[in-house]
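Given next are the chains, with one letter for each unit.
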Amino acid sequence: MADGAVALHAHGVSPDAVTALLVDADRSFVQFAREELNQTSGQPVCLLHASTLEQADAILRETPVAVVLLERHLPDGDSLEWIRNNRTTLQAGILLLSGEGREPSSFGSLGQDLLVKSHLDGDHLADAIRQAAERERTRQELLQNREQFQSLIEHARDLITVVDEAGVVVYQSPATGALLGTAPQAHHGSSFVEIVHPEDAARARLLLEQVFTDDLTPIDEFRLPHADGSMRTFEVVASRMTLGTGERRAVLNGRDITERRSAEDVLRVREAQLRQAQKMEAVGRLAGGIAHDFSNVLTVISGACERLQDDITQGSAKAGQVDVILRHCARATALTRQLLAFSRQQTIAPRIVDLGELVGRASELIAQLIGSNIAVDVDLDPDMRPVEVDPVQMEQVLMNLAINARDAMPDGGTLRVVVRNVTVTSAMAALRPPMMPGDYVRMDVSDTGHGMSPEVQARVFEPFFTTKDPSRGTGLGLATVYGIITQSRGHVWIDSAPGRGTRFEVYLPASQSTPDRDHAAHAGDAATTQAATILVTEDDPDLRSLLIDTLEAKGYTVVEAGGPSEALGVVARHEGAIDLLLTDLIMPGGSGRELARRMSSTQPRLKVLYMSGYGEPSPERGALLEPGDPFLAKPFTRQQLLQSINSLLR
């Protein structure tokens, strides 16, 4: 080992001293350098010595050195070659020593200071060593900072893009592979404006203009192409930097927010759907309330007209006027039924059915309904899951959708009905609240008509909303579809665009039961009357009076009550049995169903016929009908009333 290294370990060294290694075979110069350095003021210099490059390597492996002074000509190698081989790993400044004033230009190419021995004194040598040590310290800090920065860039999860003043990409971080599925060099030489989605190009151009000319740090969102063909959305923050050459660059830090934006879009859709559902619910409640009150009025009007018919000579002018009133009552009754269907308050008679069979049976009627210029294409799954619906109402849904399609294709086209078993996953259900995951039967009814704008789609299920001429529709057809499907615990969606036709998607929950096959209905004969006592419980006095007159005219014994409490009092005072209770389902002070339950304890053979201007009331009102409960929906005709009563009393 060189004597300089031994001296360093043998004697204490000032903690702020600069440690330098002199590599030179000329011992007289080594002695000169030590004597001169010991006499200088300022920061001390601790000088180590090695005569050869081999000795220098040994010292550098064991001892931290701030500066290496290399004689140009050494016994065991070329100093310049040694510098080239060790500069990247050597953490020390380098000073070259020469005994001559002229040296090859390759000295300068290594970027090192050249000291001429004959021109050196102690202060000059000490200053050169101290400056070389400071330069090396600064260089090491820069290298460390650069390595840290490079490590941050290479491990950053964001996409970092550097562009020049022309907007051309000169660098992209390694995250390009994970975020865009391409190599970091894939976009080098391309314009950033041309890389982004064409619809975002103008904003990309503006962002670069702002960062280079307005000294801003703009933020914007851009869509960039992924290797799989999709588009990824990035939030980009742009900043400017200036290189040592004076050239300017823009650093674009892009964070992938595709999933976040997708989630926000889904949330916006769900909020819009919720607002629409709330609006439809509010409109439905209003429609149901109007229909209920109107039902009582229509029942009284039609009943009074039927009584007038009994007293008017058929064929007379007055008889014709009564017929006109009854026809309009029937028309108003149909509108009331549609309002009730929309408000989901219509009475339903659900059965377990095969929707495919139902559609198949109705397809011939649909073809006749929509005309010969429209082709009907029916595609049914051969192994359908059963559903629980009112078959009559489902036929009404089909007819209304077919009529809507017919009106959208005045010049002809194709109506396609497809029925399939489907399973709705949690992901699918999340996109269409309030749908729940599970097994469904899906019925698609689509046309090749003119389609609908988003504004029309937003209102298409509202009652009385129509784009047709008032003489061609009431605006209740699709509202009825919505009500029936919703009341059947199903869902209906619309997919349409101008010029692209329209598709209605109806989802009905699948049932585990077996479809019913035999449901023949037997109506009573209105002309047949049996001796019976009937308790009429109705809170509307006009309607109650009409019912009493109608029943007494047919020979029934009638007692009356204006509500449940009064009815119980009537029963307590009445001598003999009451054969039938004709009661409104919902009344002030209680429900008809509760009244029937309490009467049954003393009238075990009691028959009950419920009537209501609503359909099935809500569970929270405590008056839901049980399956098979006899029910008469207001408004009803005299014949319907008498048929229902006779059927029960048989």
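Residues numbered from 1 in each chain as written. Predicted model: local features only at pLDDT ≥ 70, side-chain atom pairs only at ≥ 80, totals over all residues. Heavy atoms only, no water.

### Focus on the overall build of the protein chain
Turning to step 1, where the next piece is worked out: Across its full length, the protein chain carries 20 helices and 26 strands.
Turning to step 2, where the next piece is worked out: Sequence separation of at least 24 residues holds for 67% of the intrachain contacts in the protein chain that already meet a minimum separation of 6.
Turning to step 3, where the next piece is worked out: Accessible surface for the protein chain amounts to roughly 33100 Å². Of this, 51% is attributable to carbon and sulfur atoms. (Helix = DSSP H or I, 4+ residues; strand = E, 2+ residues; numbered from the N terminus. Contact = heavy atoms within 4.5 Å. Areas by Shrake-Rupley, 256 points an atom, 1.4 Å probe, with all protein chains shown as cover.)

### Quick word on the side chain of Ser-191
Turning to step 1, where the next piece is worked out: Topologically, Ser-191 is positioned in the loop between α7 (175-180) and α8 (192-195).
Turning to step 2, where the next piece is worked out: When near neighbours in sequence (up to four residues on either side) are disregarded, Ser-191 contacts Gly-167 and Val-168.

### With respect to the pairing of strand β17 (residues 438-447)
Turning to step 1, where the next piece is worked out: With 7 of 10 residues buried, β17 lies mostly within the body of the structure.
Turning to step 2, where the next piece is worked out: As paired elements, strand β16 (residues 413-424) and β17 share 10 bridges and run antiparallel to each other. Counted as the bridge partner of Thr-423 is Asp-439 from β17.
Turning to step 3, where the next piece is worked out: In terms of strand pairing, β17 meets strand β19 (residues 502-509) through 8 bridges, oriented antiparallel. (Buried < 20%, exposed > 50% of the residue type's maximum accessible area, 1.4 Å probe, protein only. Pairing = 2+ DSSP bridges.)

### Some remarks on unusual backbone geometry
Turning to step 1, where the next piece is worked out: Here the bond from Pro-433 into Pro-434 is cis, since omega is 5 degrees, no more than 30 degrees from zero.
Turning to step 2, where the next piece is worked out: Relative to the helices and strands, Pro-434 is located in the loop between α14 (426-431) and β17.
Turning to step 3, where the next piece is worked out: The backbone phi angle of Arg-489 is positive, close to 65 degrees, even though this residue is not glycine.

### Considerations on the sheet that holds strand β12 (residues 248-256)
Turning to step 1, where the next piece is worked out: An order of β9-β8-β12-β11-β10 is seen for the 5 strands of this open sheet, with the pairing classed as antiparallel. This sheet does not close on itself; its edge strands, each paired only once, are β9 (169-172) and β10 (219-225). Going across the sheet, the axis of each strand differs from the next one's by a mean of 30 degrees, ignoring polarity.
Turning to step 2, where the next piece is worked out: In this structure, strand β11 (residues 231-242) lies alongside β12, joined through 9 bridges in antiparallel fashion. Within β12, the position partnered with Thr-242 by the bridge is Arg-248. (Axes fitted to C-alpha atoms, helices over the stretch in contact; angles between N-to-C directions.)

### A few points about the packing of aromatic side chains
Turning to step 1, where the next piece is worked out: Within the structure shown, the criterion is met by 5 aromatic pairs.
Turning to step 2, where the next piece is worked out: Taking the centre distance of 6.1 Å and the plane angle of 85 degrees together, the rings of Tyr-440 and Tyr-507 count as edge-to-face. On the criterion of sequence distance, the pair formed by Tyr-440 in strand β17 and Tyr-507 in strand β19 is long-range, its members being 67 residues apart. The burial state of Tyr-440 is the same as that of Tyr-507; both residues are buried.
Turning to step 3, where the next piece is worked out: Consider the rings of Phe-461 and Phe-504, whose centres lie 6.2 Å apart with planes at 65 degrees: the pair is edge-to-face. A residue pair is termed long-range when its members are at least 10 positions apart, and Phe-461 in the loop between α15 (454-459) and α16 (477-487) and Phe-504 in strand β19 qualify at 43 residues.
Turning to step 4, where the next piece is worked out: Residue classification places Phe-461 among the buried residues on the basis of a relative accessible area of 8%. (Phe/Tyr/Trp six-rings, centres within 6.5 Å; stacked < 30°, edge-to-face > 60°.)

### Concerning helix α9 (residues 201-213)
Turning to step 1, where the next piece is worked out: For α9, built from 13 residues, the straight-helix expectation of 18 Å at 1.5 Å per residue is met to within 8% by its first-to-last C-alpha distance of 18 Å.
Turning to step 2, where the next piece is worked out: Among all positions of α9, only Ala-201, Ala-204, Leu-207, Leu-208, Val-211 and Phe-212 are buried. Within α9, the buried residues cover an arc of 120 degrees as seen down the axis, which keeps them to one side. Counted as exposed and oriented over 90 degrees from the buried face of α9: Ala-202 and Thr-213.
Turning to step 3, where the next piece is worked out: Check the buried side of α9 and you find it contacts β8 (159-164), α8, β10, β11 and β12. (Expected span 1.5 Å × (residues − 1). Arc of directions from axis to C-beta.)

### A short note on the nonpolar core
Turning to step 1, where the next piece is worked out: Counting 37 residues, the largest nonpolar core has Leu-355, Met-394, Leu-398, Leu-415 and Met-443 as the members making the most contacts within it.
Turning to step 2, where the next piece is worked out: Contributing elements (two or more residues each) for this core: α12 (355-370), β15 (387-389), α13 (391-408), β16, β17, α16 and β19.
Turning to step 3, where the next piece is worked out: The element best represented in this core is α13, accounting for 7 residues.
Turning to step 4, where the next piece is worked out: For Met-394, the contacting residues outside a window of four places in its chain are Leu-355, Leu-358, Val-389, Met-443, Ile-485 and Leu-508. (Core = buried A, V, L, I, M, F, W, Y, C linked by side-chain atoms within 4.5 Å.)

### Remarks on the confidence of the model for the protein chain
Turning to step 1, where the next piece is worked out: Taken residue by residue, the protein chain gives an average pLDDT of 82. The fraction at 70 or more is 82%.
Turning to step 2, where the next piece is worked out: Low pLDDT (under 50) marks residues 104-111, which in the prediction has 11 contacts with non-local residues, meaning those over four places away or in another chain. (pLDDT = per-residue confidence, 0-100.)

### Digging into the pairing of β16
Turning to step 1, where the next piece is worked out: As defined by bridge partners, strand β14 (residues 374-380) adjoins β16 across 7 bridges and the pair is classed as parallel. Bridged to Val-378 within β16 is Val-417.

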